[in-house]
Amino acid sequence: MANKQALNIVKMKKMKADGERLSMLTAYDYPSALLAEEAGIDLILVGDSLGNVVLGYDTTLPVTIDDMVYHTRSVTRGAQNTFIVADMPFMTYHGSVDESLRGVRRLMQEGRAHAVKMEGGLEICETVAAVVAAGVPVLGHIGLTPQSVNMIGGYRIQGKDAKDAKRLMDEAKALEAAGAFAVVLELVTEEVAQAISEALSIPTIGIGAGRYCDGQVLVFHDLLRYASPYREKRFVKTYADVGNVIREGISQYVQEVKDRSFPDEGHVFKADETVLESLYGGAGKDGE
């Protein structure tokens, strides 16, 4: 969309103040990013969820910084007028600040991202502040943090009791104080997500966190049911069944190749008679 202008973090904060919701979607390659931009998406997240939906891993943990740079670069070529956030993968921002900044630099310079995302709360705030001080916008991510799935005991709903709700509120406020421009709330109870959204001046972006966040994000492959087999998720709404369309299309292609109905007359190119003459030395193809 040539006339589409990418958002920036100042506009996003104003959208929150005005009550205008933010739409966010993951994308992992050029065509999906281009389609998302043409559809009018506000933000694109190049998520480390690509480990699950693109690379075939069971978790996001095997995803490397090289993987993220490669896919971010593809997405930024496709969606040149959309604000693009790239995930910092597992264990690339829990060491020294210098080490973390090297990964950030790669995503920004090589991947051409506009911002990076980091999972975690109080334990990463020092790193968040350092990255922001270096001039890079940071999107926080609390609640269910897939990179810590082994530590938190699986994919569990967060904020179900008072102690956990206070922890999430403290983490969200700490990330805001560290300079994060927004915070993703994943699999958080609706009441807690609402309270956090009302307490922060920066936007919250929910995924499985109810109706009162300042924006919503979904995984491209969930929104379009682009998977086989597809596992239902309560917090996801399917807007198109692309996986079934693809499967049926390929199945029909296979059948038509087998029964020789493809290619037909409309899919071939014809040579003129002089070409055949040159092939057969002036004689007909039967040697006549």
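See the structure printed just above.
Since the model is a prediction, treat every value here as computed from it, not as a measurement.

Draft legend 1. Fine view of the sheet that holds strand β6 (residues 182–186). Ordered by their spatial adjacency, 8 strands build a closed barrel running β1-β2-β3-β4-β5-β6-β7-β8, and the pairing between neighbours is parallel. Each neighbouring strand pair of the sheet contributes to a mean axis angle of 25 degrees, computed without reference to strand direction. Two strands pair when backbone bridges link them, and strand β7 (residues 204–207) and strand β8 (residues 215–218) are joined in this way by 2 bridges, in the parallel orientation. Among the inter-strand pairings, Gly206 is bridged to a residue of β8, identified as Gln216. With respect to the sheet, helix α6 (residues 125–133) is in contact with β4 (115–119) and β5 (138–143), its orientation differing from that of β4 by roughly 175 degrees. Where helix α8 (residues 162–178) meets the sheet, it contacts β5 and β6, and its direction lies at approximately 175 degrees from that of β5.

Draft legend 2. Representation of the pattern of salt bridges. Enumeration according to the criterion identifies 11 salt bridges in this entry. In this structure, Asp87 engages Lys117 in a salt bridge whose closest nitrogen and oxygen atoms are separated by 2.8 Å. Of this pair, Asp87 sits in strand β3 (residues 83–87) while Lys117 sits in strand β4, placing them 30 residues apart in sequence. The exposure classification of Asp87 matches that of Lys117, with both residues buried. A salt bridge links Glu190 to Arg211; the nearest nitrogen and oxygen atoms lie 2.7 Å apart. Here the residue Glu190 occupies a position in helix α9 (residues 190–199), and Arg211 occupies one in the loop between β7 and β8, the gap between them amounting to 21 residues. Residue Arg211 is classed as exposed on the basis of its relative accessible area, which comes to 60%.

Draft legend 3. Representation of unusual backbone geometry. Here the bond from Ser228 into Pro229 is cis, since omega is -5 degrees, no more than 30 degrees from zero. Within the secondary structure layout, Pro229 lies in the loop between α10 (220–223) and α11 (242–258). A positive phi is found at Met91, a non-glycine position, where the angle reads about 65 degrees. Tracing the chain through its elements places Met91 in the loop between β3 and α5 (97–110). We classify Met91 as partly exposed; its relative accessible area is 48%. Phi at Arg112 is positive, roughly 65 degrees, even though this residue is not glycine. When you line up the elements, Arg112 lands in the loop between α5 and β4. For Arg112, a relative accessible area of 57% corresponds to the exposed category.

Draft legend 4. Inspection of the nonpolar core at higher detail. Ile44, Leu107, Val116, Met118, Leu175, Leu185 and Ile196 are the most contacted members of the largest nonpolar core, which totals 55 residues. Among the elements that line this core, the one with the most residues is α8, at 6 residues. Once residues within four sequence positions are removed from consideration, Ile196 is found in contact with Leu168, Met169, Ala172, Leu185 and Thr204. Residues Met12, Val85, Ala115 and Leu139 belong to the second largest nonpolar core, which totals 17 residues.

Draft legend 5. Structural detail: the environment of His94. You can see His94 is positioned in the loop between β3 and α5. A relative accessible area of 38% means that His94 is categorised as partly exposed. Separated by 24 residues in sequence, His94 and Met118 place their C-alpha atoms 10.0 Å apart. Setting aside residues up to four positions removed in sequence, His94 forms contacts with Ser100, Glu119 and Ile124.

Draft legend 6. Looking closely at the packing of α6 against α8. Where α6 meets α8, the axes come as close as 8 Å, and the angle between the chain directions of the two elements is 25 degrees. In this view, α6 runs roughly parallel relative to α8, as classed from their interaxial angle. The two elements α6 and α8 meet at a crossing, and its hand is right-handed. For the pair formed by α6 and α8, the contact residues are Cys125, Val128, Ala129 and Val132 on the first element and Ala174, Leu175 and Ala178 on the second.

Draft legend 7. Here's a closer look at the packing of α8 against α9. At their nearest, the axes of α8 and α9 sit 10 Å apart, and the two run at 30 degrees to each other. Viewed along their axes, α8 and α9 adopt a mutual orientation that is roughly parallel. By crossing handedness, the relation of α8 to α9 is classed as right-handed. Contacts between α8 and α9 pair Ala165, Leu168, Met169, Ala172 and Lys173 from the former with Val192, Ala195, Ile196 and Ala199 from the latter.

Draft legend 8. Main features of the packing of aromatic side chains. Counted under the stated rule, the structure contains 2 aromatic pairs. Look at Tyr253 and Phe262: their rings are 6.1 Å apart centre to centre, the planes differ by 65 degrees, and that puts the pair in the edge-to-face class. Assessed through its relative accessible area of 33%, Phe262 is described here as partly exposed.

The rules behind the values
Residues numbered from 1 in each chain as written. Predicted model: local features only at pLDDT ≥ 70, side-chain atom pairs only at ≥ 80, totals over all residues. Heavy atoms only, no water. Pairing = 2+ DSSP bridges. Helix = DSSP H or I, 4+ residues; strand = E, 2+ residues; numbered from the N terminus. Axes fitted to C-alpha atoms, helices over the stretch in contact; angles between N-to-C directions. Contact = heavy atoms within 4.5 Å. Salt bridge = Lys/Arg side-chain N within 4 Å of Asp/Glu carboxyl O. Buried < 20%, exposed > 50% of the residue type's maximum accessible area, 1.4 Å probe, protein only. Core = buried A, V, L, I, M, F, W, Y, C linked by side-chain atoms within 4.5 Å. Parallel < 35°, antiparallel > 145°, perpendicular 65-115°, else oblique. Left-handed = near helix turned anticlockwise from the far one by under 90°. Phe/Tyr/Trp six-rings, centres within 6.5 Å; stacked < 30°, edge-to-face > 60°.

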